[in-house]
Every structure is written in C-alpha cells, then in structure tokens.
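Listed below, chain by chain, are the residues.
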Amino acid sequence: MLLHAADLVDDRLRERLGALGLRPRQARVLAALSRMEPISQVRLAREFDVTPASMSTMTARLIDGGFVAREVDPAEARAHLLRLTDRGRGLVDDIHAAWRDVDRLIEERIGAEEAARLTAAARALRDALGGRAPGSDAPREDDTTLHRLATE
C-alpha cells in the first residue's frame, strides 16, 4: 500500500515538475543546493546518501540543463564546487510551489488531519530507517506535507 501510494503521489509530482523540465529527484537536489551552495559533489552525495557516481550522473544532467554550474574550489584547485545558476535559482520557488500543490492534493483527498499524521508517520519511518534530509542543519522554509518531507 505504501509503495503504491508513493507511486501515485510521485506520478502527480512528476506531472507538476515536468512542466518545469525537472524530475522529482532533480528538484530535491536543486532545493538542497539552494540551502547548501557552494558544495562539493562528494559532500552533496553524502548529504543524499548516494554514491558519488550517482550524484555525478544527476549533477551532469543538471549542468547540461543549465540549472547548476561547476566551479573550481578556491581552497583546493583539484576539487569542484556546485552552485545554482540563475536559471536553477529561478526554479527553486517553482519547485516549492509544486510540492505545495501536491500537498494540497493530499489534503483534499484525505483531509488536513490525516495529511499531518501521514507526514509524522513518514518522518518517523524515514528517521527509524536512518534517513535524514540533505542539508538538514539548514532552516526549513515551509511546513507542509510533501514539502516538509522533501526538505527536512
């Protein structure tokens, strides 16, 4: 049930973010970069708990799309830092709006009280499984269901 519901929510999110030219994981990376930039690709991979190779693939797509720029780290010439481009930065508010739209859909379908319980249960499960939000030391900007889970 959980996987089926997650797939259905993901379908709605893909639809909404697709209008921006993004996939859900790309949107999460851009939102995280907005809180943590500049950041090395290795550290970003650690924040997302993925391999550096996986993050490299993701950031290559974001760089090719003009959303992210790679620059030489002034502290270590052999390392690179990632930053949002103006284009990427311009999408961050739209990403948050997309998450809020899906949050509203969830609340419309199951009610605000159930949505809040769902958020709490999903957070408890994520935390119990050892997950955490990338850049979780950064302040939260919003407190809605999907938005909260994606950013915290």
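Everything here concerns the structure above.
Figured I'd write up the structure that's included with this text. Because the structure is a prediction, the values reported are computed rather than measured.

1. Remarks on the overall build of the chain
Moving on, step 1. Per the secondary structure count, the chain includes 7 helices and 3 strands.
Moving on, step 2. Sequence-ordered secondary structure for the chain, helices as α and strands as β, is α-α-β-α-α-β-β-α-α-α.
Moving on, step 3. Counting only residues that meet the buried cut, the chain has 39% of its 152 residues in that class.
Moving on, step 4. Counting only contacts in the chain whose residues sit at least 6 apart along the sequence, the fraction spanning at least 24 positions is 58%.
Moving on, step 5. Split by element, the accessible area of the chain, about 8900 Å² in all, is 52% carbon and sulfur.

2. A word on the pattern of salt bridges
Moving on, step 1. Applying the stated criterion across every chain yields a total of 12 salt bridges.
Moving on, step 2. Note that Glu47 and Arg43 form a salt bridge whose closest N and O atoms lie 3.7 Å from each other. Within this pair, Glu47 and its partner Arg43 are both found in helix 3 (residues 41-48), separated by 4 residues, close to a single helical turn.
Moving on, step 3. When its relative accessible area of 10% is taken as the criterion, Glu47 is described as buried.
Moving on, step 4. Judged by its relative accessible area of 34%, Arg43 falls in the partly exposed class.
Moving on, step 5. In this structure, the salt-bridge partner of Asp86 is Arg89, at a minimum N-O distance of 4.0 Å. In this pair, Asp86 and Arg89 both sit in helix 5 (residues 86-110), 3 residues apart, roughly one turn of the helix.

3. Things to note about helix 6 (residues 112-128)
An α-helical turn contains 3.6 residues, so a residue and the one three or four places further along point in the same direction.
Moving on, step 1. Between its first and last C-alpha atoms helix 6 spans 24 Å; for 17 residues at 1.5 Å apiece the expected length is 24 Å, and the two agree.
Moving on, step 2. Positive backbone phi, at 90°, marks Gly130, one or two positions downstream of helix 6.

4. What to know about the sheet that holds strand 3 (residues 76-84)
Moving on, step 1. Pairing within the open sheet is antiparallel, and its 3 strands lie in the order 1-3-2. A strand with exactly one partner marks an edge of an open sheet, and here the two such strands are strand 1 (39-40) and strand 2 (68-73).
Moving on, step 2. Looking at chain direction, strand 1 and strand 3 are connected through 2 bridges and run antiparallel. Residue pairing across strands places Ser40 opposite Leu81, the latter belonging to strand 3.

5. Points about the packing of helix 5 against helix 6
Geometry of a packed helix pair, given as the angle between the helix axes and the separation of the axes.
Moving on, step 1. Where helix 5 meets helix 6, the axes come as close as 7 Å, and the angle between the chain directions of the two elements is 120°. Between helix 5 and helix 6, the interaxial angle falls into the category oblique. Where helix 5 crosses over helix 6, the handedness of that crossing is right-handed. When helix 5 is examined against helix 6, the residues Ile106, Glu107 and Ile110 are found in contact with a partner set consisting of Ala112, Glu114, Ala115 and Leu118.
Moving on, step 2. By residue class, the composition of the contact of helix 5 with helix 6 is 5 nonpolar, no polar and 2 charged.

Rules and cut-offs
- Throughout this description, residue numbers start from 1 for each chain and increase along the sequence as written.
- In keeping with the model being predicted, local features are shown solely for residues with a pLDDT of at least 70 and side-chain atom pairs are shown and tallied solely at 80 or more, while totals for entire chains, interfaces and linings include all residues.
- Each side-chain value is worked out from all heavy atoms of the structure, with water and hydrogens disregarded.
- Secondary structure counts use DSSP, requiring at least four H or I residues in a row for a helix and at least two E residues in a row for a strand, with both numbered from the N terminus.
- To sort residues, take the accessible area from a 1.4 Å probe on protein chains only and compare it with the maximum for the residue type: under 20% means buried, over 50% means exposed, and anything in between is partly exposed.
- Throughout, a contact is declared for two residues whenever any of their heavy atoms are within 4.5 Å.
- For every accessible area listed, the method is Shrake-Rupley and the probe measures 1.4 Å; residues are considered covered only by the protein chains on display.
- Salt bridges are defined by distance alone: a side-chain nitrogen of Lys or Arg within 4 Å of a carboxyl oxygen of Asp or Glu.
- Helix span, as expected, comes to 1.5 Å for every residue beyond the first.
- Note on pairing: two strands pair once DSSP finds at least 2 bridges between them.
- Where helices are involved, their axes are fitted lines through C-alpha atoms of the stretch in contact, as for all axes, and angles between N-to-C directions lie from 0 to 180°.
- Angles below 35 degrees are treated as roughly parallel, those above 145 as roughly antiparallel, those between 65 and 115 as roughly perpendicular, and all remaining angles as oblique.
- By definition, turning the near helix anticlockwise from the far helix through less than a right angle yields a left-handed crossing, and turning it clockwise yields a right-handed one.
- Classification convention: Asp, Glu, Lys, Arg as charged; Ala, Val, Leu, Ile, Met, Phe, Trp, Tyr, Cys, Pro as nonpolar; all other residues, Gly among them, as polar.

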